[in-house]
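Residue strings, one per chain:
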Amino acid sequence: MYTLGINAAFHDSSACIIKDGRLLAAAEEERFTHIKHGKRPVPFSTYELPFHAVNYCLQVADIHLNDVDNIAYSFNPYILLGKHAGNPEISLPLQPQLSTKSKEWNSEWDPLFLSFIVNAPGQLADGYPHHLQKRFAGAKTEINKWRFVDHHIAHAVSAFLPSPYKRAAVMVLDGRGEKATTSYYIGEGNDLKLLSQVNMPHSLGLLYEAVTTHLGFLHSSDEYKVMALASYGKPVYLDAFRKMVEVYDDGQYKIEGTDFEKIFGKRRLRNDPFTQKQFDIAHSLQKVLEETVLKLANWLYEKTQCENLCLAGGVALNCVMNAVIRDNTAFKNIWVQPAAGDSGTALGAALWVDAQQRKNSYERYKMEHCYWGPDYTDEETEQFLKWTKVPYRKLENIAEETAGILAEDKVIGWYQGRMEFGPRALGSRSILASPVNASMQQRLNEIKDREDFRPVAPVVLEEDAGDWFEDAGYSPFMLFVYNVKEDKADKIPAVRHVDNTARIQTINRNQHPLYYDLIKAFKKKTGVPVLINTSFNTRGEPIVCTPRDAIECFWTSPFDALVINSFLLEKERS
Ligand SMILES: [Fe+2]
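The present account deals with the structure reproduced in this document. Note that this is a predicted model, so its numbers are computed, not measured.

## Let's talk about the overall build of the chain
Okay, step 1: The secondary structure content of the chain amounts to 20 helices and 22 strands.
Okay, step 2: When the backbone C-alpha atoms are referred to their principal axes, the chain occupies close to 70 × 60 × 50 Å.
Okay, step 3: Looking at the 574 residues of the chain, the share that counts as buried comes to 59%.
Okay, step 4: Accessible surface computed for the chain: about 23400 Å², of which carbon and sulfur atoms make up 48%.
Okay, step 5: Positive and negative side-chain charges in the chain, numbering 65 and 73 respectively, have mean positions lying 0 Å apart.

Here it is as structure tokens:
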């Protein structure tokens, strides 16, 4: 039984395919179209479906769209349709904001937004781009195959079902779903039970997004930059943010709508230089997020008395907040879905439908890595390299020779195996460098054309993690920060953030053998089991997907070498 998962309502559009409980493929649309996050999260773009990601999933399964048994879409329009559900004649005002009828809806944009979602089955069958006809031509709009899954159930399932736990408390921290913005579940076996939820307009995610905009960044995209900025600030505006967020004893909270310009002054424009004030705003926001979520997590622990916690929703990508939960609650184990943002809801929706339909024969899939995207064989890669006439040579021992290049302080593009699902590059589409020289952070930010304040993150051999980072063990998805150990701090200065933390990825050989072997070989040469790992892209671009993307990025950016499958491309030294 094939179940196709689709996320498309807001942004980070994505698809995945599951065959009888086993994940076969998952990918974000942005990697194929080069439009970051797939699209902007506005009602005008809701009709856009992740055709390329769906096509890729069908290709891996080697089936046509008509062969799919279920299509799980990670948003349930009927929650918002209310009394309009089942009525084929809702009207779409020409200018929603001017419509008097808009009062019937939660938002004046809902008729437009929801009609796009209700019509998604027809759009999937008919709206595919011409070059994808092999998997789509003749597709039927079969409504009975289509399952709308509540957005927060999709997030919660993505956090719980692939986790290692039989029983777990689950917290979804999101911008928004249909109505819910934060929700709490208890997961047991193959089932989830809703405990409570916070509804719109009160949303920690939307508050963080609004401050992201105020600081001159792109909301629903650059929130991680605000988190990085926070380390440089002081808690000057703590009281201001505390006044905006009121937390109760039952997992509920309220957020006061606020005019930031009244409190903080004029918003920063995109290219304005940063001032201390902006660092302080980011810092204060981050602190209030942490203390609020801590209260919510403590309430959830009391309610469930369960030692395992699963997290999802875009806010769960905040690795500093995750570390605060790890260090200050009674939860003993935490698992965060690596695609915690909306892309992961495609996976959650599909797993949920699959689990519901195959109740008796269902066996949970455990997500131990996120390498579920496209890959290319050596043969395909070499054929392309020959065709492009770029100079290359084949490596005899990829790990050994690449480690030697890295030990010479060169920056390399590392392209190996199946692309990652989720926002982090984790060793399949990464830019790698040595962490030994402090100047490497600056150099990488220049190479990637990124802001100076942006930290770079380390990957460390799993067995060595505890020796280099305080209390670090298994952390394969770069979703928690750890303090760098005092006696190791001088050995890896490039990956230490200003507050002495690092957002680490641990790697073992089962997850990605070649990546593991490379770091092991680097350790043999330098004594350091750590590399800098940053995503293989340049500013504003999605992570590379194909060999063509990798080669274009390499030749138009000042990094030194590209190791693409078994092949090495190097730039001449001047
Ligand atoms: Fe979401």
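## Points about the pairing of strand S15 (residues 429-433)
Okay, step 1: With 5 of 5 residues buried, S15 lies mostly within the body of the structure.
Okay, step 2: Alternating residues of S15 divide into Arg429, Ile431 and Ala433 and Ser430 and Leu432, and every residue in both groups is buried.
Okay, step 3: In the sheet, strand S14 (residues 412-415) pairs with S15 via 4 bridges, with the strands oriented antiparallel. When the sheet's bridge partners are listed, Tyr415 is paired in S15 with Arg429.
Okay, step 4: Taken together, the 4 bridges between S15 and strand S20 (residues 530-535) define a ladder with antiparallel strand orientation.

## Focus on the environment of Lys523
Okay, step 1: Mapped onto the elements of the fold, Lys523 is located in helix H19 (residues 513-526).
Okay, step 2: Measuring from C-alpha to C-alpha, the distance between Lys523 and Leu461 comes to 9.2 Å, with 62 residues separating the pair along the chain.
Okay, step 3: In contact with Lys523, other than residues within four places in its own chain, are Leu461, Asp464, Val528 and Pro529.

## Here we look at the environment of Lys525
Okay, step 1: Following the sequence through the fold, Lys525 ends up in helix H19.
Okay, step 2: Residue classification places Lys525 among the partly exposed residues on the basis of a relative accessible area of 40%.
Okay, step 3: Residues Lys525 and Gly404 lie 121 residues apart in sequence; the distance between their C-alpha atoms is 7.6 Å.
Okay, step 4: If near-sequence neighbours (up to four positions away) are discounted, Lys525 is found in contact with Glu400, Ala403, Gly404 and Ala407.
Okay, step 5: A polar contact is formed between the side chain of Lys525 and the side chain of Glu400, at a distance of 2.9 Å.

## Focus: the sheet that holds S15
Okay, step 1: Spatial ordering of the open sheet is given by S13-S22-S21-S14-S15-S20-S16-S19, a layout of 8 strands whose pairing is mixed. Two strands in the sheet have a free side with no partner beyond their single neighbour: strand S13 (393-394) and strand S19 (505-507).

## Overview of helix H4 (residues 110-118)
Okay, step 1: Counting buried residues in H4 gives 7 out of 9 residues, a clear majority hidden from the surface.
Okay, step 2: Along H4, the positions that sit buried rather than exposed are Asp110, Pro111, Leu112, Phe113, Leu114, Ser115 and Ile117.
Okay, step 3: On its buried face, H4 is in contact with strand S4 (70-73), helix H3 (77-81), helix H5 (120-126) and strand S5 (146-148).

## Here's the deal with the packing of aromatic side chains
Okay, step 1: Applying the stated rule across the entire model yields 29 aromatic pairs.
Okay, step 2: Summarising the aromatic geometry, the rings of Tyr232 and Phe279 are spaced 5.6 Å apart at their centres and angled 35° between planes, so their arrangement reads as tilted. With Tyr232 in the loop between helix H9 (223-230) and helix H10 (238-244) and Phe279 in helix H12 (residues 276-304), the pair connects residues that are 47 residues apart, well separated along the chain.
Okay, step 3: According to the relative accessible area criterion, Tyr232 is partly exposed, its value standing at 29%.
Okay, step 4: Among the residues examined, Phe279 registers a relative accessible area of 16% and is labelled buried.
Okay, step 5: Relative to Trp387, the ring of Phe384 lies with its centre 5.9 Å away and its plane at 35°, an arrangement referred to as tilted. Highlighted residues: Phe384 and Trp387, both in helix H15 (residues 378-388), separated by 3 residues, approximately one helical turn.
Okay, step 6: Owing to a relative accessible area of 60%, Trp387 belongs among the exposed residues under this scheme.
Okay, step 7: The structure contains a cluster of three or more aromatic residues connected by ring pairs, namely Phe217, Tyr232, Phe274, Phe279 and Phe453.
Okay, step 8: Over the face of the ring belonging to Phe274 we find Arg268, whose NZ or CZ atom lies 3.8 Å from the ring centre.
Okay, step 9: Here the basic side chain of Arg364 rests over the ring of Phe160, its NZ or CZ set 4.3 Å away from the ring centre.

## Points about the side chain of Glu223
Okay, step 1: Here Glu223 shows up in helix H9.
Okay, step 2: Here Glu223 sits buried without a salt bridge, and the closest side chain of opposite charge, Arg40, lies 7.5 Å off (N-O distance).
Okay, step 3: Only 2.8 Å separates the side chain of Glu223 from the backbone nitrogen of Ser221, close enough to count as a polar contact.
Okay, step 4: Once residues within four sequence positions are removed from consideration, Glu223 is found in contact with Tyr208, Glu209, Thr212 and Leu218.

## Digging into the pattern of salt bridges
Okay, step 1: Per the counting criterion, the structure on display carries 23 salt bridges.
Okay, step 2: Notably, a salt bridge pairs Arg31 with Glu28, separated by 3.6 Å at the nearest N-O pair.
Okay, step 3: On the basis of relative accessibility, which here comes to 5%, the residue Glu28 falls in the buried class.
Okay, step 4: Between Glu188 and Arg167 there is a salt bridge, and its shortest N-O distance comes to 3.2 Å.

## Regarding the sheet that holds strand S3 (residues 22-28)
Okay, step 1: Pairing within the open sheet is mixed, and its 5 strands lie in the order S3-S2-S1-S4-S5. Each of the sheet's edge strands pairs with one partner strand only, and the pair in question is S3 and S5. The average undirected angle you get between the axes of adjacent strands in this sheet is 20°.
Okay, step 2: Contacting strand S1 (2-7), strand S2 (14-19) and S3, helix H2 (residues 51-61) runs over the sheet at an angle of about 150° to S3.

## A few points about the side chain of Thr292
Okay, step 1: Its location among the elements puts Thr292 in helix H12.
Okay, step 2: On the basis of relative accessible area, Thr292 is assigned to the buried category, the value being 3%.
Okay, step 3: Once residues lying within four places of it in the same chain are set aside, the contact partners of Thr292 are Leu204, Val245 and Val247.

Definitions and limits used
Residues numbered from 1 in each chain as written. Predicted model: local features only at pLDDT ≥ 70, side-chain atom pairs only at ≥ 80, totals over all residues. Heavy atoms only, no water. Helix = DSSP H or I, 4+ residues; strand = E, 2+ residues; numbered from the N terminus. Buried < 20%, exposed > 50% of the residue type's maximum accessible area, 1.4 Å probe, protein only. Areas by Shrake-Rupley, 256 points an atom, 1.4 Å probe, with all protein chains shown as cover. Lys, Arg positive; Asp, Glu negative; His and termini not counted. Charge placed at Lys NZ, Arg CZ, Asp CG, Glu CD. Pairing = 2+ DSSP bridges. Contact = heavy atoms within 4.5 Å. Polar contact = N/O pair within 3.5 Å; in protein donor to acceptor, adjacent residues only side chain to side chain. Phe/Tyr/Trp six-rings, centres within 6.5 Å; stacked < 30°, edge-to-face > 60°. Lys NZ or Arg CZ within 6 Å of the ring centre and 35° of its normal. Salt bridge = Lys/Arg side-chain N within 4 Å of Asp/Glu carboxyl O. Axes fitted to C-alpha atoms, helices over the stretch in contact; angles between N-to-C directions.

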